[in-house]
Amino acid sequence: MTESEESLAEESGRLIAFALRPAALPAGQPEYQQLLRRLLSDRRFQQMTESVLRGLGLRMLGISEAFGLTVAAVPDGVFAVRRDDYGKLRSTTDRLIQGIVHLGIAAWCFPRAEDLGEADMVAAPRLTVDQLVEHLTQLCDECKRQDSGEEAPPAEELRTAWQSVLSLGKYSDSTGGRESFATLSGKITHALAFLTEQGLLKRDDRDNKSGWLARPAFRLHVRELAGYRAWQIVSLAAQQLHRDHGPAS
């Protein structure tokens, strides 16, 4: 490797280091901004960055001067999320429920196919736990209704997931227990905390009430779900709810 290539690789590594900090945005970080501009204008630098990403088990999802470089881990890569990283998944049912909770959060943010195609600057609706409890319950009810119709049947795991959600209590009966992991609100709270830690959501508390907003990176990650049957079923249910009840507020 020549000295020029070594310098290029080092700069690629610094750019990727920024991308791996979930809350890092280019604003106020001149080096990050400079590296992004180079990535967008220098094909050789882009090829080097893509090569380094591949070596790390990562891939590029998107580039924006406003929101930075968004990367995702390849399956089984060193940066891939493992079950132990997520925590509290004590059973297969827990895993399935968390899967549909994540899909439900994505469907709340992007209920229509065109929402995923919006520019990064277009904000998704704000989320609260109470809103998501009702939304996810309605979503699973709609999935159940569609399952009994003429639509193609879903995978058994997805059916088990929404049946499990509908069997959960929404909130704890005990004082201060609204966020118990055994309840739907607790499972949603856990998923929101995880997505925030991963840099896909950010806190937006107002009037002493917890809330979250989707970061642009979340839209890029959800676009990746478009080809999966589970997302197609949940998205179809969300679109029907959107037609019946209007946009989220």
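Structure: above.
What you see is a predicted model, and the numbers here were worked out from it, not measured in a lab. (Residues numbered from 1 in each chain as written. Predicted model: local features only at pLDDT ≥ 70, side-chain atom pairs only at ≥ 80, totals over all residues. Heavy atoms only, no water.)

## Observations regarding the overall build of the protein
Here's step 1: The number of helices and strands found in the protein is 11 helices and 4 strands.
Here's step 2: Residues classed as buried in the protein amount to 44% of the 249 residues present.
Here's step 3: Nonlocal contacts in the protein, meaning residues at least 24 apart in sequence, comprise 62% of its contacts between residues at least 6 apart.
Here's step 4: Entry remark: accessible area of the protein is about 13200 Å², with carbon and sulfur atoms responsible for 49%. (Helix = DSSP H or I, 4+ residues; strand = E, 2+ residues; numbered from the N terminus. Buried < 20%, exposed > 50% of the residue type's maximum accessible area, 1.4 Å probe, protein only. Contact = heavy atoms within 4.5 Å. Areas by Shrake-Rupley, 256 points an atom, 1.4 Å probe, with all protein chains shown as cover.)

## Brief notes about the pairing of strand β2 (residues 68–73)
Here's step 1: By the criterion of burial, β2 is predominantly enclosed, with 5 of the 6 residues buried.
Here's step 2: Where strand β1 (residues 58–64) and β2 come together, 6 bridges link them in antiparallel fashion. Residue pairing in the sheet places I63 in a bridge with L69 of β2. (Pairing = 2+ DSSP bridges.)

## What to know about helix α3 (residues 43–55)
Here's step 1: Here α3 contains 13 residues, and its C-alpha end-to-end distance of 18 Å stays within 8% of the 18 Å for a straight helix at 1.5 Å per residue.
Here's step 2: Among the residues making up α3, those that are buried are F45, Q46, M48, T49 and L53. Projected down its long axis, α3 carries its buried residues within an arc of 165°, all on one side. Exposed residues pointing more than 90 degrees away from the buried face of α3 are listed as R54 and G55.
Here's step 3: Among the residues of α3, the N-terminal cap falls to D42, whose side-chain oxygen and the backbone nitrogen of R44 are separated by 3.0 Å.
Here's step 4: Downstream of α3 by a residue or two, G57 has a phi angle that is positive, lying close to 75°. (Expected span 1.5 Å × (residues − 1). Arc of directions from axis to C-beta. Polar contact = N/O pair within 3.5 Å; in protein donor to acceptor, adjacent residues only side chain to side chain.)

## What to know about helix α2 (residues 30–41)
Here's step 1: For α2, which comprises 12 residues, the first-to-last C-alpha distance of 17 Å matches the rise-based estimate of 16 Å (1.5 Å per residue) to within 8%.
Here's step 2: Within the sequence span of α2, burial applies to Y32, L35, L36 and L39. The buried residues of α2 all sit within an arc of 100° when viewed along its axis, so they share a single face. Opposite the buried face of α2, by more than 90 degrees, sit the exposed residues P30, Q34 and S41.

## A closer look at a nonpolar patch on the surface
Here's step 1: Together, L20, L56, V78 and F79 make up an exposed nonpolar region whose accessible area comes to about 340 Å².
Here's step 2: Within the element layout of this structure, L56 appears in the loop between α3 and β1. (Patch = residues over 30% accessible without salt bridge, like charges linked within 9 Å, V, L, I, M, F, W, Y side chains within 5 Å. Salt bridge = Lys/Arg side-chain N within 4 Å of Asp/Glu carboxyl O.)

## Remarks on unusual backbone geometry
Here's step 1: With a phi angle near 50°, D207 is a residue other than glycine that sits in the positive phi range.
Here's step 2: Take D207: it is sitting in the loop between β3 (201–203) and β4 (212–214).
Here's step 3: Note on D207: relative accessible area 79%, which makes it exposed.
Here's step 4: Phi is positive for N208, close to 60°, though the residue is something other than glycine.
Here's step 5: With respect to the helices and strands, the residue N208 is situated in the loop between β3 and β4.
Here's step 6: Looking at N208, the relative accessible area reads 88%, which means it is exposed.

## What to know about the pattern of salt bridges
A side chain with one charge can pair with a side chain of the opposite charge if their charged atoms come near.
Here's step 1: In total, this model carries 16 salt bridges according to the counting rule given.
Here's step 2: Notably, a salt bridge pairs R14 with E10, separated by 3.4 Å at the nearest N-O pair. Separated by 4 residues within a single helix, R14 and E10 lie in helix α1 (residues 3–19), roughly one turn from each other.
Here's step 3: Here R14 falls in the partly exposed class, since its relative accessible area comes to 31%.
Here's step 4: A salt bridge links R159 to E156; its shortest N-O distance comes to 2.6 Å.

## Points about the state of the cysteines
Here's step 1: Under the criterion given, the structure shown has 0 disulfides.
Here's step 2: The thiol of C143 is unpaired, and the distance to the nearest cysteine sulfur, on C140, comes to 5.9 Å.
Here's step 3: In this structure C143 comes out as buried when scored by relative accessible area, which is 2%. (Disulfide = S-S within 2.5 Å.)

## What about the nonpolar core?
Here's step 1: With 45 residues, the main nonpolar core has I105, I188, L192 and F218 as its most contacted residues.
Here's step 2: At the level of secondary structure, the elements contributing two or more residues to this core comprise α5 (92–109), α7 (129–147), α8 (156–167), α9 (184–197), β4, α10 (216–223) and α11 (229–245).
Here's step 3: Not counting residues up to four positions away in its chain, the partners in contact with I105 are L127, L132, A191, L192, L195 and F218. (Core = buried A, V, L, I, M, F, W, Y, C linked by side-chain atoms within 4.5 Å.)

Limitation: the analysis is restricted to geometry and does not speak to function.
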